[in-house]
Amino acid sequence: MDQNREPFISLALYHAFKWSVVSPMLHTYFRGKIYGAENVPHSGPLVVVSNHASYFDPPIVSNCVRRPVAYMAKEELFNIPILAQAIKLYGAYPVSRGSADRNAIRSALEYLNNGWAVGVFLQGTRTPDGRITDPKRGALLLAAKAKAPILPVSVWGTEAILEKGSKIPHAVPVTVRIGNLIDAPSSSNKEELEALAQKCTAVINQMHDLGR
């Protein structure tokens, strides 16, 4: 496998699903706006860190960074029709809720070592308003181990796509902002990773506060 590019079949599936489903839905149904796409490196390992407010965030973020992003996804999501197929095409791999799933961590490092982009929600779970309040160090530890740069991304508006009990996504406006690339951590030192997690949080929340 090319160490600087996702395998051809993954790219083909990504582009097919992106242009047939995700991109039309994002730009037409959600009236999507994307800022900062020029900040995304086109190849090589990359840790994409973002806020999280909706099950729709992984395909939306992957669409906006213009390359497949492999996400740790809750096991339950692989039971949801259509969404399960979407996240599989985009390289998602299951992680058990409430546990330090070593297999998921190994999968993430394998993707990074093969030149993929790996996506991690900085807080690890959805928040009601999309803002990050309690960042975790896991994404930064992956970046340190893989020596991969970090790309902060803010997704705004997705918390309103699915209301509780609803199965039909609402046509709400969605905005994605992509920040400047951040260098990989120089070590796995806890203090350094914590400081970097706080830096990523500040950048993402500042972008999120810009709103539409």
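A brief structural summary. What you are looking at is a predicted structure, and each value in this text was computed from that prediction instead of being measured.

What follows concerns the side chain of Asn 205. Position of Asn 205 among the secondary structure elements: in helix H6 (residues 190-209). Overall, Asn 205 belongs to the buried group, its relative accessible area being 8%. Not counting residues up to four positions away in its chain, the partners in contact with Asn 205 are Arg 131 and Ile 132.

Covered by surrounding structure in strand E7 (residues 175-178) are Thr 175 and Arg 177 together with Val 176 and Ile 178, the residues of both alternating faces. Pairing analysis gives four bridges linking strand E6 (residues 150-156) to E7, with the strands arranged antiparallel. For Trp 156, the partnering residue across the bridge sits in E7 and is Thr 175.

Further remarks concern the packing of helix H5 (residues 138-146) against H6. Viewed as axis vectors pointing N to C, H5 and H6 meet at an angle of 115 degrees, and their least axial separation amounts to 9 Å. In this structure, the crossing between H5 and H6 has a hand that is right-handed. Contacts between H5 and H6 pair Leu 140, Leu 141 and Ala 144 from the former with Leu 193, Leu 196, Ala 197 and Cys 200 from the latter. Looking at the contact of H5 with H6 residue by residue, the class counts come to seven nonpolar, no polar and no charged.

So, on to the environment of Val 49. Along the chain, Val 49 turns up in strand E2 (residues 46-50). As for Val 49 and Leu 151, which are separated by 102 residues in sequence, their C-alpha atoms are 6.1 Å apart. Contacts of Val 49, omitting those with residues within four sequence positions, involve Val 120, Leu 122, Ala 139, Ile 150, Leu 151, Pro 152, Val 153, Cys 200 and Ile 204.

In an α-helix, one turn spans 3.6 residues, which is why side chains three or four residues apart end up on the same side. When the terminal C-alpha atoms of H6 are compared, their 28 Å separation across 20 residues agrees well with the 28 Å that a helix rising 1.5 Å per residue should span. Every buried residue belonging to H6 is among Leu 193, Leu 196, Ala 197, Cys 200, Thr 201, Ile 204, Asn 205, Met 207 and His 208, and all of these are buried. Looking straight down H6, one finds its buried side chains confined to an arc of 165 degrees; they lie on one side. What points out from H6, more than 90 degrees from its buried face, is the exposed set Glu 191, Gln 206 and Asp 209. Buried residues along H6 sit in contact with E2, H5, E6 and E7. Count one or two residues on from H6 and you reach Gly 211, which has phi positive near 65 degrees.

It is worth spelling out the packing of aromatic side chains at this point. Scanning all chains against the criterion turns up four aromatic pairs. Taken together, a centroid distance of 6.3 Å and an interplanar angle of 80 degrees make the contact between Phe 30 and Phe 56 edge-to-face. Highlighted residues: Phe 30 in the loop between helix H1 (8-29) and strand E1 (33-35) and Phe 56 in the loop between E2 and helix H2 (57-65), separated in sequence by 26 residues. Grouping residues by exposure puts Phe 30 and Phe 56 together as buried. One aromatic cluster is present, built from ring pairs that chain together Tyr 29, Phe 30 and Phe 56.

Within H2, nine of the nine residues are buried, which leaves it mostly tucked inside the rest of the structure. Backbone geometry just downstream of H2 places Arg 66 in the positive-phi region, at approximately 65 degrees.

Procedures and definitions
Residues numbered from 1 in each chain as written. Predicted model: local features only at pLDDT ≥ 70, side-chain atom pairs only at ≥ 80, totals over all residues. Heavy atoms only, no water. Helix = DSSP H or I, 4+ residues; strand = E, 2+ residues; numbered from the N terminus. Buried < 20%, exposed > 50% of the residue type's maximum accessible area, 1.4 Å probe, protein only. Contact = heavy atoms within 4.5 Å. Pairing = 2+ DSSP bridges. Axes fitted to C-alpha atoms, helices over the stretch in contact; angles between N-to-C directions. Left-handed = near helix turned anticlockwise from the far one by under 90°. Nonpolar A, V, L, I, M, F, W, Y, C, P; charged D, E, K, R; others polar. Expected span 1.5 Å × (residues − 1). Arc of directions from axis to C-beta. Phe/Tyr/Trp six-rings, centres within 6.5 Å; stacked < 30°, edge-to-face > 60°.

Any functional reading would require information that these geometric values do not contain.
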